[in-house]
Amino acid sequence: MNRQKHVPQTPAETPSDGQARFIRRLRRHRITVRTARILILILFLLLWEFCADQGIIDSFIFSSPSRIALCFYEMTVDRSIFLHIGVTLYETIVSFLLVTAIGILAAVLLWCSRSLSEILEPYLVVLNSLPKSALAPLLIVWLGATPTTIIVAGMSVAIFGSIMNLYTSFTTVDKEKIKLIRTLHGNRRHALFKVVLPSSVPAIISNMKVNIGLCLVGVVIGEFLAARNGLGYLIIYSSQVFKMNWLLMSIVLLCIMAMALYAVIGVVEKLYRKRF
């Protein structure tokens with residue numbers, strides 16, 4: 001019988017001892033970081049609960065984790081909390097998608113026309129620096145107290161900075177690659193789709209990470225002034241009637257929502273890196 005010969009693994013297939021130690025240290029470091037994060041959160045919640053139970057802090061003003069959890073359970077049972085979460089999530093996602101699409105299109109237009117970019121640059125700087133909370137009352141007068149107003153308020157926080165950042169990314173693309181396109185008799189459209197946009201994908205994804213949080217902030221600002229549903233409305237209403245459990249629960253839900261939306265963009269970034 002013919003026996004199969006044992007083929008020794010090449011050094012490229014077998015990690016060296018140094019590489020194995022590095023991988024183990026990296027894994028231990030990640031486990032340590034995650035464990036520390038969880039412990040800090042648990043200790044904070046336990047300390048908060050203890051202080052509220054012992055009267056060290058006023059539980060009526062500061063509430064407690066158990067009261068917040070009970071409040072969330074009660075609003076889950078009557079399904080009222082899902083309406084507020086759904087409204088805020090819908091308005092945030094719509095404003096984020098519009099900011100992403102409009103930001104890319106506007107940056108492309110500015111890149112295609114240098115004269116237009118030079119004309120609009122000071123206006124973009126001023127509008128980006130303007131406190132967006134000052135625009136919310138004006139938007140209510142113009143558009144009324146509608147979900148459209150809240151979506152526009154969410155967009156106003158992120159749109160101008162998004163355009164400026166993406167345009168800067170487009171203009172800093174490797175000039176030699178664009179020269180190569182021109183050498184091969186390509187036009188501006190070829191340079192845009194073959195060089196500029198592919199090279200700017202990491203910047204676009206990074207911009208999306210920032211915009212998702214900014215859009216959530218803008219939506220909450222809009223809900224403070226022009227909403228009858230949503231977590232922003234729940235925060236304002238609960239503060240007016242001194243239902244601090246509702247207020248703190250809404251803030252916790254906003255934190256969880258922001259983390260979840262950011263994680264989704266992070267997954268998109270990982271998929272892009274694995275593919276390209």
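None of these values were measured; they are calculated from a predicted model.

Draft legend 1. Summary view of the packing of helix α1 (residues 17-53) against helix α3 (residues 65-77). The interhelical angle for the contact between α1 and α3, taken along N-to-C directions, is 100°, at an axis separation of 8 Å. Relative to α3, α1 is oriented roughly perpendicular. Residues Leu45, Trp48 and Glu49 of α1 pack against Pro65, Ser66 and Ile68 of α3. Taken together, the residues that form the contact of α1 with α3 break down as four nonpolar, one polar and one charged.

Draft legend 2. Spotlight on a positive patch on the surface. Together, Arg27, Arg30, Arg34, Arg37, Lys270 and Lys274 make up a positively charged patch on the protein surface. When contributions to the positive patch are tallied by element, the ones reaching two or more residues are α1 and α12 (244-275). As for its placement among the helices and strands, Arg34 is situated in helix α1.

Draft legend 3. Fine view of the UniProt feature "transmembrane region" (unreviewed entry) in the protein chain. Taking the UniProt record as the reference, the feature "transmembrane region" (unreviewed entry) is found at residues 31-48, 93-112, 124-144, 150-170, 210-227 and 247-268. The span residues 124-144 carries 71% helix and 0% strand; its end-to-end C-alpha distance comes to 25 Å. Secondary structure content for residues 150-170 is 100% helix and 0% strand, while the C-alpha to C-alpha distance between its ends is 30 Å.

Draft legend 4. Representation of α3 within the structure. With 13 residues, α3 should cover 18 Å at 1.5 Å per step; its first-to-last C-alpha distance of 18 Å lies within 8% of that length. All of the buried residues in α3 are Pro65, Ile68, Cys71 and Met75. Around the axis of α3, the buried residues are gathered within 125° of arc, so they sit on the same side. What points out from α3, more than 90 degrees from its buried face, is the exposed set Tyr73 and Val77. Here the buried face of α3 lies against α1, α4 (80-112), α11 (231-240) and α12.

Draft legend 5. The arrangement of a nonpolar patch on the surface in detail. Judged by side-chain polarity, Ile38, Leu39, Ile42, Leu43 and Leu46 come together as a nonpolar surface patch covering roughly 490 Å² of accessible area. Residue placement: Leu39 occurs in helix α1. When its relative accessible area of 46% is taken as the criterion, Leu39 is described as partly exposed.

Draft legend 6. Quick peek at the packing of aromatic side chains. For the structure on display, the rule yields three aromatic pairs. With centroids separated by 5.8 Å and ring planes inclined at 45°, the aromatic side chains of Phe44 and Trp48 adopt a geometry described as tilted. Within this pair, Phe44 and its partner Trp48 are both found in helix α1, separated by four residues, close to a single helical turn. By relative accessible area, which is 17% here, Trp48 ends up buried. Where Tyr233 meets Tyr237, the ring centres are 6.0 Å apart and the plane angle is 20°; that geometry is what we call stacked.

Here is what the cut-offs are and how they apply
Residues numbered from 1 in each chain as written. Predicted model: local features only at pLDDT ≥ 70, side-chain atom pairs only at ≥ 80, totals over all residues. Heavy atoms only, no water. Axes fitted to C-alpha atoms, helices over the stretch in contact; angles between N-to-C directions. Helix = DSSP H or I, 4+ residues; strand = E, 2+ residues; numbered from the N terminus. Parallel < 35°, antiparallel > 145°, perpendicular 65-115°, else oblique. Contact = heavy atoms within 4.5 Å. Nonpolar A, V, L, I, M, F, W, Y, C, P; charged D, E, K, R; others polar. Patch = residues over 30% accessible without salt bridge, like charges linked within 9 Å, V, L, I, M, F, W, Y side chains within 5 Å. Areas by Shrake-Rupley, 256 points an atom, 1.4 Å probe, with all protein chains shown as cover. Salt bridge = Lys/Arg side-chain N within 4 Å of Asp/Glu carboxyl O. Lys, Arg positive; Asp, Glu negative; His and termini not counted. Charge placed at Lys NZ, Arg CZ, Asp CG, Glu CD. UniProt positions renumbered as here; feature names shortened; annotations may be inferred. Expected span 1.5 Å × (residues − 1). Buried < 20%, exposed > 50% of the residue type's maximum accessible area, 1.4 Å probe, protein only. Arc of directions from axis to C-beta. Phe/Tyr/Trp six-rings, centres within 6.5 Å; stacked < 30°, edge-to-face > 60°.

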